[in-house]
Amino acid sequence: MKFERTLIIAKHDAVQRGLMGEILMRFERVGLKLIALEFLKATEDMGHQHYPTTTEWLEKVGNRTLTEYKEKGIDPKEKLGTNDAIEIGKMIKGWNVEYLTVGPVLAMVFEGPGAVKIGRKLVGETNPSVAAPGTIRGDFSSDNADMANDFARPFYNLVHASGSVEEAEFEIGLWFDAKEIFDAHEVHYHQAMGFKGKFVGKNTDKK
Amino acid sequence: MKKFDSIEQTFLMIKPDGLKRGLVGRIFRKMEEAGLKLVAARMILATKEQAGKNYPDTDEWKKGIGEKGLASYDNDIKRFKEEYGTDDMIEVGQKVFEGLVKLLLSGPVLISVWEGNHAVDEVRAIAGATVSRFASPGTIRGDWGVDSPPLAVKSGRIVFSNLLHISDSPKEAKREITHWFGDKFKDLSDYDRVDSANLFDESW
């Protein structure tokens, strides 16, 4: 099986709340290998590149909000000054960029079998109020859509995790230089997965 | 926050043995729970020069290392001499120094700077005694340390695993921060933790 890489960012709310260690621990505990880490304040340019700019994406994001507003009986024009999906998409992207660049964040790359999906699973739903207990967002946040709407801001959901293998590859390239990634070292997942000592199966992997 | 004299910055390195055991999150969590603020962190591969100059190259320091080793032998100097091949503390210190450099180069390390009230002493307290057998439960080495100098010597490693390197004084912290992060180092201390108001506001 091919090992994947995923970009995990403890965002600034996690930094301010002292939850970086807790978040990091959960990825280590499940057996993923930490291969890159930096505490940094992203530039606005990085923030803009981090989120897609395609019309398709902006429209999708805008429509999601429009649907939600409709369900809740909120007038988008009154709340956001427009009811155009793309315009709203741009606005939401702006909030996301602001959230990602407002202060220092802890950026990390984890490697392991199915790392991208595992990462998303540990992080939980985007909306913390519906994220399952046991997930990072479910355990450490109670933010919800009404709060986010009231203040016209994104969910404060503590952590970013790449959504797909392709996205992960792009994001890792954006946040890290190749020489800042250390994948050659032997690490605990060999123990975590029982690669050391007696084990069922052809135990031919590195130590 | 910096206006208070007692607010210090201290250097903490998670050594390859700590990284390999997957203890980074647990170590960070302990620092954060103690109210310390992260102001710099990076995963790197140390150069030979960086690793060597991390430790003070003085006889006094080497003697201290030798004496710590002897304490692990419950001050049994005869056994100590048999196993290290010498009872010259400086010579023992030199051997350990060489082993430490080798350990630091054996894989990536995680370097970090933490800021807080009496941060140097706080981090020393949380890390616990150098040899885990003497470290209290609740400290990093007390909870997760398993190695000892006699075991290391017997298994041909000389250097035992103790997961971390930390600064032992504010002066040493300044030197180590510059040494590892460079002359142009700018910390990221321009933010407040959510609980900082409770800790540093004048209106209690």
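Above this text sits the structure in question.
As a starting point, this report considers the structure included with it. (Residues numbered from 1 in each chain as written. Chains lettered and ligands numbered in written order. Predicted model: local features only at pLDDT ≥ 70, side-chain atom pairs only at ≥ 80, totals over all residues.)

## So, the overall build of chain B
Cut-off, in case you're wondering: The helix count covers DSSP runs of H or I at least four residues long, the strand count covers runs of E at least two residues long, and both are numbered beginning at the N terminus. Only C-alpha atoms enter the radius of gyration, while the globule expectation follows 2.2 Å times N to the 0.38, with N the number of residues. Three exposure classes are used. Buried residues have 20 or more other C-beta atoms within 10 Å of their own C-beta, exposed residues have 12 or fewer, and partly exposed residues fall in between, all C-beta atoms being placed from the backbone. Residues are scored as being in contact if the C-beta atoms we place from backbone atoms lie within 7 Å.
Scanning chain B from terminus to terminus reveals 11 helices and four strands. Its C-alpha atoms give chain B a radius of gyration of 18 Å, near enough to 17 Å, the size a compact globule of 204 residues would have. The principal-axis extents of the C-alpha atoms in chain B amount to approximately 60 × 35 × 30 Å. The buried share among the 204 residues of chain B stands at 40%. Contacts in chain B between residues at least 24 apart in sequence constitute 73% of all its contacts with a sequence separation of at least 6.

## Regarding the overall build of chain A
Broken down by element type, chain A carries 11 helices and four strands. Considering chain A as a whole, with its 207 residues, one finds that 38% of them fall into the buried category. Partitioning the intrachain contacts of chain A with sequence separation of at least 6 by distance along the chain shows that 70% fall at a separation of at least 24.

## Quick word on the interface of chain A and chain B
Under the convention used in this document: Put simply, Ala, Val, Leu, Ile, Met, Phe, Trp, Tyr, Cys and Pro go in the nonpolar bin, Asp, Glu, Lys and Arg in the charged bin, and everything else, Gly too, in the polar bin.
Each partner contributes to the interface: chain A provides 23 residues, whereas chain B provides 25 residues. Within the residue set of the side of chain A that touches chain B, elements represented by two or more residues are helix 2 (20-29) and strand 2 (33-40) of chain A. With six residues, the top contributor of residues to the side of chain A that touches chain B is helix 2 of chain A. For the side of chain A that touches chain B, the residue count by class is 11 nonpolar, six polar and six charged.

## Focus: the environment of A:H160
Residues and elements named next belong to chain A. Tracing the backbone through its elements, the reader meets H160 in strand 4 (residues 159-161). Among the residues examined, H160 registers 21 C-beta atoms within 10 Å and is labelled buried. Expressed as a C-alpha distance, the spacing of H160 and K33, which sit 127 residues apart in the sequence, is 17 Å.

## Side note on helix 6 (residues 89-104) of chain B
Residue and element names in this part refer to chain B. Rules: By definition here, a helix of n residues has an expected span of 1.5 Å times n minus one.
Taking 1.5 Å per residue as the helical rise, helix 6 with its 16 residues ought to reach 22 Å, and the 22 Å between its terminal C-alpha atoms agrees with that figure. Every buried residue belonging to helix 6 is among M89, V92, G93, K95, V96, V101, L103 and L104, and all of these are buried. Buried-residue contacts for helix 6 involve helix 1 (16-20), helix 3 (48-52), helix 4 (59-72), helix 5 (77-84) and strand 3 (109-117).

## Some details on the packing of helix 2 of chain A against helix 2 (residues 24-33) of chain B
Where we set the bar: Angles shown run from 0 to 180 degrees and are taken between the N-to-C directions of axes, each axis being a line fitted to C-alpha atoms and, for helices, limited to the stretch in contact. Oblique is the label for any angle not covered by the other classes, which are roughly parallel (under 35 degrees), roughly antiparallel (over 145) and roughly perpendicular (65 to 115). Each crossing gets its handedness from the near helix: less than a right angle anticlockwise from the far helix is left-handed, clockwise is right-handed.
Contact geometry of helix 2 of chain A with helix 2 of chain B gives a least axis separation of 7 Å together with a crossing angle of 165°. One way to sum up the angle between helix 2 of chain A and helix 2 of chain B is to call them roughly antiparallel. Taken as a pair, helix 2 of chain A and helix 2 of chain B cross one another with a handedness that is left-handed. Note on element contacts: helix 2 of chain B touches helix 2 of chain A through B:V24, B:G25, B:R26, B:I27, B:F28, B:R29 and B:E32, opposite A:M20, A:G21, A:E22, A:L24, A:M25 and A:E28. Its residues assigned to classes, the contact of helix 2 of chain A with helix 2 of chain B comprises six nonpolar, two polar and five charged.

## Considerations on the pairing of strand 2 (residues 37-44) of chain B
All names here are of chain B. For clarity, the threshold we go by: A pair of strands counts as paired when DSSP detects no fewer than two bridges linking them.
The element strand 2 is largely enclosed, with a buried count of six among its eight residues. Pairing of strand 2 with strand 3 involves seven bridges; the strand directions are antiparallel. Counterpart to K37 in the pairing with strand 3 is E115.

## Brief notes about unusual backbone geometry
All names here are of chain B. Here H118, not a glycine, exhibits a phi torsion of approximately 50°, which is positive. By secondary structure assignment, the location of H118 is in the loop between strand 3 and helix 7 (119-127). One non-glycine residue with positive phi stands out, namely L163, at about 70°.

## Concerning the environment of A:A14
Residue and element names in this part refer to chain A. Considering the arrangement of structural elements, one finds A14 in helix 1 (residues 12-16). The buried category is assigned to A14, around which 25 C-beta atoms lie within 10 Å. Apart from residues lying up to four places away in sequence, A14 is in contact with L19, M20, I23, L158 and V159.

## Focus: the packing of helix 4 (residues 55-72) of chain A against helix 6 (residues 85-101) of chain A
Two packed helices can be described by the angle between their axes and the distance between those axes. Residues and elements named next belong to chain A. Helix 6 packs onto helix 4 with a crossing angle of 95° between their chain directions and a minimal axis gap of 7 Å. Our classification of the angle between helix 4 and helix 6 gives roughly perpendicular. Contact residues: helix 4 offers T55, L58, E59, V61, G62, N63, T65 and L66, while helix 6 offers A85, I86, I88, G89, K90, I92 and K93. The residue inventory of the contact of helix 4 with helix 6, partitioned by class, reads seven nonpolar, five polar and three charged.

## Considerations on the nonpolar core
Here is a general trend for soluble globular proteins: nonpolar side chains tend to be buried in one another's company. Rules: Defined on buried residues, the nonpolar core groups Ala, Val, Leu, Ile, Met, Phe, Trp, Tyr and Cys residues joined through C-beta atoms within 7 Å.
Judged by nonpolar contacts, the single largest core of 85 residues is most densely connected at A:A10, A:M20, A:L106, A:M108, A:V159 and B:L110. Setting aside residues up to four positions removed in sequence, A:L106 forms contacts with A:I9, A:A10, A:V15, A:M20, A:F39 and B:A41.

## Some thoughts on the pairing of strand 3 of chain B
Residue and element names in this part refer to chain B. A large share of strand 3 lies buried, amounting to eight of its nine residues. Examined bridge by bridge, strand 1 (residues 7-14) and strand 3 share eight bridges and lie antiparallel to one another. Each bridged residue has a counterpart across the sheet, and for I14 the counterpart in strand 3 is L110.

## Description of the environment of A:P128
Residue and element names in this part refer to chain A. If you trace the backbone, P128 turns up in the loop between helix 7 (115-123) and helix 8 (136-140). Counting along the chain gives 91 residues from P128 to L37, while the straight-line C-alpha distance between them is 25 Å. Those residues in contact with P128, other than ones at most four positions away along the chain, are R137, G138, S141, S142, D143, F155 and N157.

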